[in-house]
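Secondary and tertiary structure notes
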Amino acid sequence: AMEKILSAGLLRTQGLIAGKWVDAYDGKTIEVQNPATGEVLANVPCMGSRETSDAIASAHSTFYSWSKLTASERSKALRKWYDLIISHKEELALLMTLEQGKPMKEALGEVNYGASFIEYSAEEAKRIYGDIIPPTLSDRRLLVLKQPVGVVGAITPWNFPLAMITRKVGPALACGCTVVVKPSEFTPLTALAAADLALQAGIPAGALNVVMGNAPEIGDALLQSTQVRKITFTGSTAVGKKLMAGSANTVKKVSLELGGNAPCIVFDDADIDVAVKGSLAAKFRNSGQTCVCANRILVQEGIYEKFATAFIKAVQSLKVGNGLEESTSQGPLINEAAVQKVEKFINDATSKGANVMLGGKRHSLGMSFYEPTVVGNVSNDMLLFREEVFGPVAPLIPFKTVEEAVNMANDTNAGLAAYIFTKSIPRSWRVSESLEYGLVGVNEGVISTEVAPFGGVKQSGLGREGSKYGIDEYLELKYICMGNL
Ligand code: ADP
């Protein structure tokens, strides 16, 4: 697999600053491992504040030229980047499976999904319209201009090594912003390959910089800089809060996509096949390691037994293995710590009266493989209910009334994705409206798309990614009053 990536010239193992591939200034490196095998794939630089400062300086000086180009020029470069990603789909997907573990089919899906944000941004770059406002005095004209916010610091997680970057960098570049990206140290290779393709596409040196290594140090350098005008982050709620607090001193704009605790509510009147298929997809995508993964499956009493039986059968059909194998539908978890978290949640649940109906232990393949698991009779005092498990564990929670389900669903500080399964149109509306979540899937378990706004309420975050709303996150409004006309 690595051969293919090498021959495409897409194995980049240095950071990108001002258009140059660079090592850490002190020569330190970190290993990137394949979670399915433990094999070391590459060593990448362990950078810190000095490299970050240079990346910021490069982004800042490039901001003046990049933001002055016409929208059409920026659009063309983005479109070319999109085309290059699509033409290197296979290699990028391979790289992603190698460093992140997700099955090739999902990796290919992510390449398409990740690329779509760049295509959409290329299109939207030309449609960043301002406004003309009818004046209150007849000798005045009132205008609203939309201008790029400036240098953006983008910090991204390992679970979507490409898409979490493109859905920030695409709109940022479209608006005329320049960017310093810090990908996760677990999955920097996909990010670096994508950055290489950006250079090939003619995105100018300095418009897109990539640094990685000491996360808190890089984060602090971005936060402390007065030149960085915006922080955009996807990751844990804890780190998101730190970044928000750290942005206060220089009053940066902040966009945050943080943890979820997605309820998936199956009502008595649901189409059982649709509900099983939808909740399976919502739960087990990326082995349960997405912030929109169903974290709690609430099932109404009348359908509980029937749903549980059908759902378990579907979960049994999932095939655990190395993501490079064609038949695999469940890859390993990202690392040992992720498995230990799952074990902790399972022990907590069983000690409080839940029953493991399927799985519930490490997979015989070893490493960080875990068995697809279904746990019954979960209640709101368990970690499985209160927090995001981020693994292949489906907790089933019985409920009686619609009101009870909505209350349970909203009984959390998170508010990213929710799913409901029902054939009733009035119930679809009413429940969707009363869920305190940023996204609701009705009879559908996979709903993200570049054309719709993605983001959370409550402690799941601030701002939206994707769609025209996601473009606004990288723009400032300027009011111009022309007087004495
Ligand atoms: P996850 O649980 O998804 O790994 P994290 O929030 O730990 O979530 O990681 C998301 C991103 O945030 C990663 O790129 C990680 O390196 C980075 N990160 C972690 N700690 C900090 C920090 N103190 N400052 C800035 N970035 C950080």
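Residues numbered from 1 in each chain as written. Predicted model: local features only at pLDDT ≥ 70, side-chain atom pairs only at ≥ 80, totals over all residues.

**Here we look at the site of the ligand**
Residues in contact with the ligand amount to 14 residues; listed here are only the nearest, Ala215, Gly219, Gly235, Ser236 and Val239. Among the elements of the structure, helix H8 (215–224) and helix H9 (237–247) are those that each provide at least two residues to the shell around the ligand. It is H8 that provides the largest number of residues to the shell around the ligand, a total of three residues. (Near = placed C-beta within 6 Å. Helix = DSSP H or I, 4+ residues; strand = E, 2+ residues; numbered from the N terminus.)

**Observations concerning the sheet that holds strand S5 (residues 131–133)**
A sheet is described by the order of its strands in space; here three strands give the open sequence S5-S6-S20, paired in antiparallel fashion. Here the strands that pair on one side only, and so sit at the sheet edges, are S5 and strand S20 (475–482). Between one strand axis and the next, the sheet turns by 25° as a mean value, whatever way the strands run. (Pairing = 2+ DSSP bridges. Axes fitted to C-alpha atoms, helices over the stretch in contact; angles between N-to-C directions.)

**Quick word on the pairing of strand S8 (residues 178–182)**
Of all five residues in S8, five are buried; the element is thus mostly enclosed. Burial along S8 is two-sided: the residues Thr178, Val180 and Lys182 and Val179 and Val181 are all buried. Pairing analysis gives five bridges linking strand S7 (residues 151–155) to S8, with the strands arranged parallel. Bridged to Val152 within S8 is Val179. (Buried ≥ 20, exposed ≤ 12 C-beta atoms within 10 Å, placed from the backbone.)

**Examining helix H12 (residues 336–351)**
When the terminal C-alpha atoms of H12 are compared, their 22 Å separation across 16 residues agrees well with the 22 Å that a helix rising 1.5 Å per residue should span. Restricting attention to buried positions, one finds in H12 the residues Ala338, Val342, Phe345, Ile346 and Ala349. On an axial view of H12, the arc spanned by its buried residues comes to 100°, and they lie on one face. Exposed side of H12, more than 90 degrees from the buried face: Glu336, Ala337, Gln340, Lys344, Asn347 and Ser351 are the residues found there. Residues of H12 that are buried make contact with strand S15 (373–376), helix H13 (383–386) and strand S16 (393–399). After H12 finishes, the residue Gly353 shows a positive phi value of roughly 110°. (Expected span 1.5 Å × (residues − 1). Arc of directions from axis to C-beta. Contact = placed C-beta atoms within 7 Å.)

**Here's the deal with the UniProt feature "active site" (unreviewed entry) in the protein**
UniProt tags Glu257 and Cys291 as "active site" (unreviewed entry). The annotated residues occupy 35 residues of the chain but converge on a single region, no pair of C-alpha atoms lying more than 8.6 Å apart. Positionally, Glu257 belongs in strand S11 (residues 253–257). Judged by the 28 C-beta atoms lying within 10 Å of it, Glu257 falls in the buried class. For Glu257, the contacting residues outside a window of four places in its chain are Thr234, Cys291, Gly455, Gly456, Gly461 and Glu465. Mapped onto the secondary structure, Cys291 falls in the loop between helix H10 (272–284) and strand S13 (294–300). Excluding residues within four positions of it along the chain, Cys291 makes contact with Glu257, Gly259, Gly260 and Leu416. (UniProt positions renumbered as here; feature names shortened; annotations may be inferred.)

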